[in-house]
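If you want the building blocks of each chain, they are given just below.
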Amino acid sequence: MAEAADFQGMGHSPARRWLRRTASVLAGAPLLAGLLAGTAAPAAQAAPTATGSHTVRVSLDTLAPSAPVKGDTLTVSGTVTNEGKSTITDAQVDLRVGPRMYGRTAIDDAAERTSTSGDVAPIGGKYKVTIPKLAVGIPQDFALSVPVSKLGLGQDGVYQLGVSLTGQTSSAQYDHVLGIQRTFLPWQPDATEEKTQLTVLWPLISSTRLSAETGSDDQQTPVFENDDLAEELAPGGRLEQLVSLGNQLPVTWVIDPDLLATADAMTKNYQVRSGDTTVPGKNQAVATKWLNALEKAVQGRKVVALPFADPDLASLAHRGKDVSGALSHLQPATDVAGKTVETILHVKPSVDFAWPVDGAIDPSIVDVATSAGAHKVITRSDSLQDNLPYTPTAARPIGGGTTAVVADTRLSTAFQGDMSQAGASTLAVQKFLAQSLAVTLQDPENQRSIVVAPQRMPSAAQAQSMARALRGLDPERWTEASDLIAAASATPDADATTKVPGSSRYPEKLRDQELPAEVFLDIRETQERLDNFQAILSAPDRVAAPFGNAIGRAMSTSWRGAPETAQQYRGTVEDYLVGLTTEVQLIPKSVLTLSGRSATIPVTVQNQLLQGVQNLVLRLKSDNPTRLKLDGDRAVAEQPIKIDGGHSQSVKFTGAGNANGPVQVTAQLYTVDGTPYGSPMTFQVKVSEITPTVMLVIAGGVLLLVLAGVKMYSQRKRAVARKAAAEDTDGGDSGAEGTGADGSARDTQSTDGARAAEDPDPGHPSDPTPDTGPESADASGPGEKVDR
């Protein structure tokens, strides 16, 4: 980048230009140290010849004040460690102040310099620490205090500051530099007329913790995947440090509303997944304290809310936009973001900003960002590069009513390393301050607005280092605090780049970390299943929010670098949803025999959910309507379904058989819009039909049998009567009378018997054979609802 040009308004004097040309010829010569030391320090002696050895590791743990003014005393402390193979004797720790540095690139080059050649002479005198013997591997503390007036600082600017250790070894028994650590000293004792407007983003973002599962109680007790968030919220934790430090700093809060929603859920009863079960969470007090502290910290401050769950805009643009429905999640995520922040923190946030990963953009990322309703995209100067000799103002129009807010790369990445060691933190703070002063001195008469967008989830140590650096800017000698809303509204630099880089320039390292296209296909499948499920519920809100948020979390930026964990989370959400949907199902049936011309075919629908289901239709289809018709003369019959929670419903269809034989019948639930719900259930109906012809033949046969019986009975009666008459003739008159009387009685009985045979008992009419076996008279099972 051409931004590496020298400071504007800080032209070189002839002597300086001569010195620089001489330095290019005499680099590494002992004379160079003496020449440069003339303007850097009062010491007259030449620097000892360096060997280039790195035998001693020098760590600068403190440097105070970070940006001194006239009258201050500079204190430097740290440790020196002998990493060689022999004891160092006659060791001495010195402070060296190099020449003023020209340009931001010069600062970068000096920070990467490892050679010990060409360093200026030490200040010397009493401003040194003597170490007679430095044993191998044993750190030795040191502390140097030097009045600023002794440092030989000249014009305003950035000076290189070195702490070195010289001494002798058994193999080199003369004084030489055995180790050095360099840093930077910003020198701006008086305030500039035009201070740089500096905006620092302070991100509150974390990884996904909440699952889609909730309890069955009225409060829908949330279930957490783990309880790790408590560690970040507890005193000394990452998020606790960000809140406590940010409360004292002039920063713009950038918040993922999902973090607030998760912490708020922790303030009440919650469950934590533990293997195949859950256990009660115990960190309500920690979450409550953190939220209260955050609410106080953001009052009267600028707050920017990212879309809910911080969706990965680059992954959506490069892998998800071609999957139907993927982009539809962005606008709802933006809508719920503002409501969440306002409800929990009682401040109205700005929801007009999008922040792609590392500020890397291309046209597709900008398009996706704006589709969520954002009109301002936070990018970075290593993505939207300028070919200017100075750092331009952050805001610039990029077309379509969209403003790119270009954060400074050097300042934004200053604290991305391991800041847990005091030495690393001190170097990062000093370099940050040096670069911020260099920006102002590039064009001191032209006030610019600069933005710092650090890493999304800084560690506690990184946050502490950032805070130290910002406190070093408190005197506002060359910067003054601003906020992101003001920075986005600043007047753009006419010469700044406004062309968004092509997709070919998107960093491959970031592209390799993107969510694959399969993620968005899985999300679409889950969303479709959720839509079908919600459509049948009497209280859909109980699943809409937890599952909708979980789907949003599945495309979060926080999954970058953790593909296996991301897949596991999505799988858990999908499995839980599938488990719920299968609670509404058809009960399998065995083979059903249909005897007669028509019969009832029952199908049972079971609802094991705790809430009722509705807007369902049960369809029954005969695969052979010629043999079996349903509900009159149809191949497909349907009936509406509405079942209370924990109940079943037996739905009855009328079946009419036309021919004997088996028929396969399929039962399927549908939503009211015709979408299949659940799996179909098939069973077999055996049709056994008795036709009218058969019935006529059977009736005729029965009639013939009855007539034959009556005839035989009459013949037998007559035979008995004739026999009795013959006996009466042999017995005389009295016998004749008796015979006549008996004969009359027998004749009467015979006549009555004939009548009985001809007129069956009217009290037992012949009933038709039932179509199906009688239904059980037992009471229905618990909660069973039967339509009759």
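As shown above, the structure is provided for reference.
The structure presented is a predicted model; accordingly, all values stated were derived computationally and were not measured.

Colleague: Help me understand the overall build of the chain in this model?
Modeller: When its secondary structure is counted, the chain shows 19 helices and 30 strands. Of all 788 residues assigned to the chain, the portion counted as buried reaches 47%. Here the analysis covers contacts within the chain between residues at least 6 apart in sequence; of these, 78% occur between residues at least 24 apart. Carbon and sulfur atoms provide 51% of the accessible area of the chain, an area that totals close to 36400 Å².

Colleague: Mind showing me how you'd approach the pattern of salt bridges here?
Modeller: Side-chain pairs of opposite charge can arise whenever the charged atoms involved come near each other. All told, the structure shown has 22 salt bridges when counted by the stated rule. For arginine 511, the salt bridge goes to glutamate 508, with nearest N and O atoms at 3.8 Å. Taken as a pair, arginine 511 and glutamate 508 lie in helix α15 (residues 508-512) at a separation of 3 residues, close to a single helical turn. Members of the salt-bridge network, linked through shared partners, are Asp108, Arg410 and Lys431.

Colleague: So what exactly am I meant to see when it comes to the sheet that holds strand β3 (residues 88-101) here?
Modeller: Paired through their backbone hydrogen bonds, the strands of a sheet run either parallel or antiparallel. Read across the sheet, 4 strands follow the order β4-β3-β6-β7 without closing on themselves; strand pairing throughout is antiparallel. Edge positions in the sheet fall to β4 (128-134) and β7 (176-187), since each of these pairs with one other strand and no more. Across the sheet, the mean angle separating the axes of adjacent strands is 25 degrees when strand polarity is ignored. As paired elements, β3 and strand β6 (residues 157-168) share 9 bridges and run antiparallel to each other. Bridge pairing links valine 93 to leucine 165 in β6.

Colleague: What is the right way to read the packing of helix α17 (residues 541-553) against helix α18 (residues 563-581) from this model?
Modeller: Between two packed helices, both the angle of their axes relative to each other and the distance between the axes serve to describe the pair. Contact geometry for α17 and α18: axes closest at 10 Å, N-to-C directions at 155 degrees. With respect to α18, the element α17 is oriented roughly antiparallel. In this structure, α17 crosses over α18, and the sense of that crossing is left-handed. Between α17, through Phe547, Ala550 and Arg553, and α18, the contact on the second element is made entirely by Tyr569, Val573, Tyr576, Leu577 and Leu580. Of the residues assigned to the contact of α17 with α18, the class counts are 7 nonpolar, no polar and 1 charged.

Colleague: It is not clear to me how the environment of alanine 554 should be interpreted in this structure. Could you clarify?
Modeller: Among the structural elements, alanine 554 can be located in the loop between α17 and α18. Linking alanine 554 and leucine 515, residues 39 residues apart in sequence, is a C-alpha distance of 9.8 Å.

Colleague: Just checking my understanding: could you explain the sheet that holds strand β2 (residues 73-82) for this structure?
Modeller: A sheet is described by the order of its strands in space; here 3 strands give the open sequence β1-β2-β5, paired in antiparallel fashion. This sheet does not close on itself; its edge strands, each paired only once, are β1 (56-64) and β5 (140-147). Strand-to-strand twist of the sheet, defined as the mean angle between neighbouring strand axes without regard to direction, takes the value 25 degrees.

Colleague: I tried to follow the packing of aromatic side chains on my own but got confused; where do I start?
Modeller: Under the criterion given, the structure shown has 4 aromatic pairs. Plain terms: the ring middles of phenylalanine 415 and phenylalanine 432 are 5.4 Å apart, the flat faces sit at 40 degrees to each other, and that makes the pair tilted. Taken as a pair, phenylalanine 415 in the loop between α11 (409-412) and α12 (422-442) and phenylalanine 432 in helix α12 lie far apart in primary sequence, 17 residues in all. Judged by its relative accessible area of 3%, phenylalanine 432 falls in the buried class. Taking the centre distance of 5.6 Å and the plane angle of 15 degrees together, the rings of phenylalanine 547 and tyrosine 576 count as stacked. Residue phenylalanine 547 is located in helix α17, and its partner tyrosine 576 is located in helix α18; the two are separated by 29 residues in the primary sequence. For phenylalanine 547, a relative accessible area of 1% corresponds to the buried category. Classification of tyrosine 576 by relative accessible area gives partly exposed; the value is 24%. A cation sits over an aromatic face here: lysine 589 above phenylalanine 683, 5.7 Å from the ring centre.

What counts, and where the lines are drawn
- Residues numbered from 1 in each chain as written.
- Predicted model: local features only at pLDDT ≥ 70, side-chain atom pairs only at ≥ 80, totals over all residues.
- Heavy atoms only, no water.
- Helix = DSSP H or I, 4+ residues; strand = E, 2+ residues; numbered from the N terminus.
- Buried < 20%, exposed > 50% of the residue type's maximum accessible area, 1.4 Å probe, protein only.
- Contact = heavy atoms within 4.5 Å.
- Areas by Shrake-Rupley, 256 points an atom, 1.4 Å probe, with all protein chains shown as cover.
- Salt bridge = Lys/Arg side-chain N within 4 Å of Asp/Glu carboxyl O.
- Pairing = 2+ DSSP bridges.
- Axes fitted to C-alpha atoms, helices over the stretch in contact; angles between N-to-C directions.
- Parallel < 35°, antiparallel > 145°, perpendicular 65-115°, else oblique.
- Left-handed = near helix turned anticlockwise from the far one by under 90°.
- Nonpolar A, V, L, I, M, F, W, Y, C, P; charged D, E, K, R; others polar.
- Phe/Tyr/Trp six-rings, centres within 6.5 Å; stacked < 30°, edge-to-face > 60°.
- Lys NZ or Arg CZ within 6 Å of the ring centre and 35° of its normal.

Purely geometric numbers; function is a separate question.
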